[in-house]
Amino acid sequence: MTSLSIQNLSKTFPGNVHALKDFSLEIGEGELVAIVGPSGCGKSTLLRILAGLEEENTGTVRLGSRVLNGIPPKDRDIAVVFQSYTLMPHLSVADNLGFGLKLRGEKKSMREAKILEAAKLLNIEGLLQRYPSEISGGERQRVALGRAILREPKVFLFDEPLSSLDAQMRLQLRVEIQRLHQRLKVPMIFVTHDQSEALTLGDRVVVLNQGSIQQIATPEELYLRPANTFTASFIGSPGMNLFHGSLQTSAAGTHFASSALNFLLSAEQAEKLRDHAEIIAGIRPEHLHSVESGGKLSGKVTAVEKQAGQTGIYLQNDATSFSVKTITEPVTKVDETLKFDFSPREIVFFNTKGGFLLPIHNVGDK
C-alpha cells in the first residue's frame, strides 16, 4: 500500500485565473479524503493534474517515493471515476468492465473471473450481458466503478460521480464507495460540491475556495470548529449563523453585543477576547432553541421550510438574517416574532480581520 503526497501545487490559466494556489495534502494508505467547495474552486483541476490530464505550474505529486510529474496518465497507477460514465455503448457491461484487462493482454478465463468478482462486489452480476442503454444511470455508474477497480490502481479519484443521480441512488452508491474503501485500502480522493457526501464519506475533508485550502479536518472538527467564517457558513445546511458585534462591559461583566444578539460572556471567554474590540460570534442553527420569554436572540420569521423530520425557520432582526433548525414542528407563521436561547458553550468566535477562528474553549472541546 502507498501514500499520496501533494506538495505546493499551483495552477494558473490564461487571464491570470488562479485555479489552485499552493495546494498541499498528504493522504495516507487506505485513507479517503473528500474535497468540497463551491463551483469553480479548483476541485476538478486538482484531480485532472493528479491524473496527468492537466499540467501543473508548480508543485510536486508523489505516489510513495515515485514522483508523478511528467508521467503520462496511463502510467500513473491512478484510476478516475468521472461524473459521466464514459461507457462504450457498443460493448456489453461485461466487455466494458474487461476492456482494460483485454488491452493488457490478460487471458480470457482470467478476465472473466475478475469481471465476475468485480460485478459481485458491486451487485451488477445480473447485468453483464446488457448494454449501457439498457441499464439505469446508477447501474452505469456501478459499471464505471467496476472498470476502475479492475485496473487495480494504487489511487482512486472520484470527480463528482454521484451528482447526476437521484437522491436514493446517490445514497446507495455512497454505501458502495464506503464498502470499496474498506475493502481496497488504497488512497482515495472524492471531489464533490455536496457537503453531505463529503462529511459522510471522508475520513478527512478539505474545504477549498478560489483555489486555496480553507481547512483540512475530520468531519466532526470541521462542523464544530470551522477554521474561518467561510467554512462556518459553507458547511451545514443552513450554514452557521454569524453575528458581527463588539465587546461591552457592564456591572454584570463583559457582553457580546450586536444589533440582533446580546449575551454575557463567561469569565474565560471575556479574558481570551479582551484584545478584540470587534468580533464575530457564530452559532449553528440547530443549537438555537425557542423560549417564551427572555432569550438572547429574537427575530421576525421570513420563511418556514419543512422537511422530513425537521423544520428550518428563517428570521430577520434589523439588518441581520439568521436561521434555526429544529426536529419539532412548531406552529410558526411568517411575520411572527420568536425568541431563542442557547448555551454559551455552543458559541464560536472569529476575528473580523480575516475571519479566523479564535482559540477559545468551544462546543465539542474536551
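In what follows, the structure referred to is the one given above.
Note that the structure is predicted; figures quoted are calculated from it, not measured.

Calculation criteria
Residues numbered from 1 in each chain as written. Predicted model: local features only at pLDDT ≥ 70, side-chain atom pairs only at ≥ 80, totals over all residues. Heavy atoms only, no water. Helix = DSSP H or I, 4+ residues; strand = E, 2+ residues; numbered from the N terminus. Buried < 20%, exposed > 50% of the residue type's maximum accessible area, 1.4 Å probe, protein only. Areas by Shrake-Rupley, 256 points an atom, 1.4 Å probe, with all protein chains shown as cover. Contact = heavy atoms within 4.5 Å. Axes fitted to C-alpha atoms, helices over the stretch in contact; angles between N-to-C directions. Parallel < 35°, antiparallel > 145°, perpendicular 65-115°, else oblique. Left-handed = near helix turned anticlockwise from the far one by under 90°. Salt bridge = Lys/Arg side-chain N within 4 Å of Asp/Glu carboxyl O. Nonpolar A, V, L, I, M, F, W, Y, C, P; charged D, E, K, R; others polar. Pairing = 2+ DSSP bridges. Phe/Tyr/Trp six-rings, centres within 6.5 Å; stacked < 30°, edge-to-face > 60°. Lys NZ or Arg CZ within 6 Å of the ring centre and 35° of its normal.

## Observations regarding the overall build of the protein
For step 1, the next point in the chain: Helices and strands together make up the secondary structure of the protein, namely nine helices and 20 strands.
For step 2, the next point in the chain: Principal-axis analysis of the C-alpha atoms gives the protein an extent of 85 × 45 × 40 Å.
For step 3, the next point in the chain: Within the span of the protein, comprising 366 residues, buried residues form 48% of the whole.
For step 4, the next point in the chain: Summed over its atoms, the accessible surface of the protein is roughly 17400 Å², and 50% of this surface lies on carbon and sulfur atoms.

## Some remarks on helix 2 (residues 93-103)
For step 1, the next point in the chain: Within the span of helix 2, buried status applies to Val-93, Ala-94, Asn-96, Leu-97, Gly-98 and Leu-101.
For step 2, the next point in the chain: Residues of helix 2 that are buried sit in contact with helix 3 (108-121) and helix 4 (137-150).
For step 3, the next point in the chain: Taken from the residues just after helix 2, Gly-105 is the one with a positive phi, measuring 85°.

## Examining the packing of helix 2 against helix 3
For step 1, the next point in the chain: As a packed pair, helix 2 and helix 3 sit with axes 10 Å apart at the nearest point and diverge in direction by 130°. Taken together, the axes of helix 2 and helix 3 are oblique relative to one another. Crossing geometry of helix 2 relative to helix 3 is assigned as right-handed. Each of Ala-94, Leu-97, Gly-98, Leu-101 and Lys-102 in helix 2 lies in contact with helix 3, whose residues at this interface are Arg-111, Lys-114 and Ile-115.

## Quick word on the environment of Val-191
For step 1, the next point in the chain: Its location among the elements puts Val-191 in strand 8 (residues 188-192).
For step 2, the next point in the chain: Placed 151 residues apart in sequence, Val-191 and Gly-40 show a C-alpha to C-alpha distance of 12 Å.
For step 3, the next point in the chain: Setting aside chain neighbours within four positions, we find Val-191 in contact with Ile-35, Lys-43, Leu-47, Phe-158, Asp-159, Glu-160 and Pro-161.

## Details of the pattern of salt bridges
For step 1, the next point in the chain: Under the counting rule described, the total for this entry stands at 16 salt bridges.
For step 2, the next point in the chain: With its nearest N and O atoms 4.0 Å apart, the salt bridge here joins Glu-268 to Arg-345. Taken together, the residues Glu-268 in helix 9 (residues 267-273) and Arg-345 in the loop between strand 19 (337-341) and strand 20 (348-350) connect sequence positions 77 residues apart.
For step 3, the next point in the chain: In this structure Glu-268 comes out as partly exposed when scored by relative accessible area, which is 34%.
For step 4, the next point in the chain: One salt-bridge network, in which partners are shared between bridges, spans Arg-104, Glu-106, Lys-114 and Glu-152.

## Some details on the packing of helix 2 against helix 4
For step 1, the next point in the chain: Two elements in contact, helix 2 and helix 4, have axes whose closest approach is 8 Å; the angle formed by their N-to-C orientations is 25°. One finds that helix 2 runs roughly parallel with respect to helix 4. Once helix 2 is placed against helix 4, the crossing between them reads as right-handed. Along the contact surface, helix 2 presents Val-93, Asn-96, Leu-97 and Leu-101, while helix 4 presents Val-143, Gly-146, Arg-147 and Leu-150.
For step 2, the next point in the chain: Residue classes in the contact of helix 2 with helix 4 are distributed as five nonpolar, two polar and one charged.

## A short note on the sheet that holds strand 2 (residues 17-27)
For step 1, the next point in the chain: Strand order in the open sheet formed by four strands is 2-1-4-5, with antiparallel pairing between adjacent strands. Sheet topology places strand 2 and strand 5 (66-67) at the edges, where each strand pairs with a single neighbour.
For step 2, the next point in the chain: Relative to strand 4 (residues 58-63), strand 1 (residues 4-13) is paired through five bridges, and the arrangement is antiparallel. Residue Ser-10 lies in a different strand from strand 4, and its bridge partner there is Thr-58.

## What to know about the environment of Gly-52
For step 1, the next point in the chain: Following the sequence through the fold, Gly-52 ends up in the loop between helix 1 (43-51) and strand 4.
For step 2, the next point in the chain: For Gly-52, a relative accessible area of 21% gives the class partly exposed.
For step 3, the next point in the chain: Residues Gly-52 and Lys-74 lie 22 residues apart in sequence; the distance between their C-alpha atoms is 8.5 Å.

## Looking at the packing of aromatic side chains
For step 1, the next point in the chain: All chains considered together, the criterion is met by eight aromatic pairs.
For step 2, the next point in the chain: Ring geometry for Phe-243 versus Phe-322: centroids 6.1 Å apart, planes at 55°, classification tilted. Here Phe-322 lies in strand 18 (residues 320-326) and Phe-243 lies in strand 11 (residues 241-250), a separation of 79 residues in the sequence. For the pair Phe-243 and Phe-322, a shared accessibility class is recorded, and that class is buried.
For step 3, the next point in the chain: Where Phe-263 meets Phe-342, the ring centres are 5.5 Å apart and the plane angle is 85°; that geometry is what we call edge-to-face. Of this pair, Phe-263 sits in strand 13 (residues 262-264) while Phe-342 is found in the loop between strand 19 and strand 20, placing the two residues 79 residues apart along the sequence.
For step 4, the next point in the chain: Assessed through its relative accessible area of 2%, Phe-263 is described here as buried.
For step 5, the next point in the chain: Positioned over the ring face of Tyr-223 is Arg-284, at 4.3 Å from the centre of the ring.

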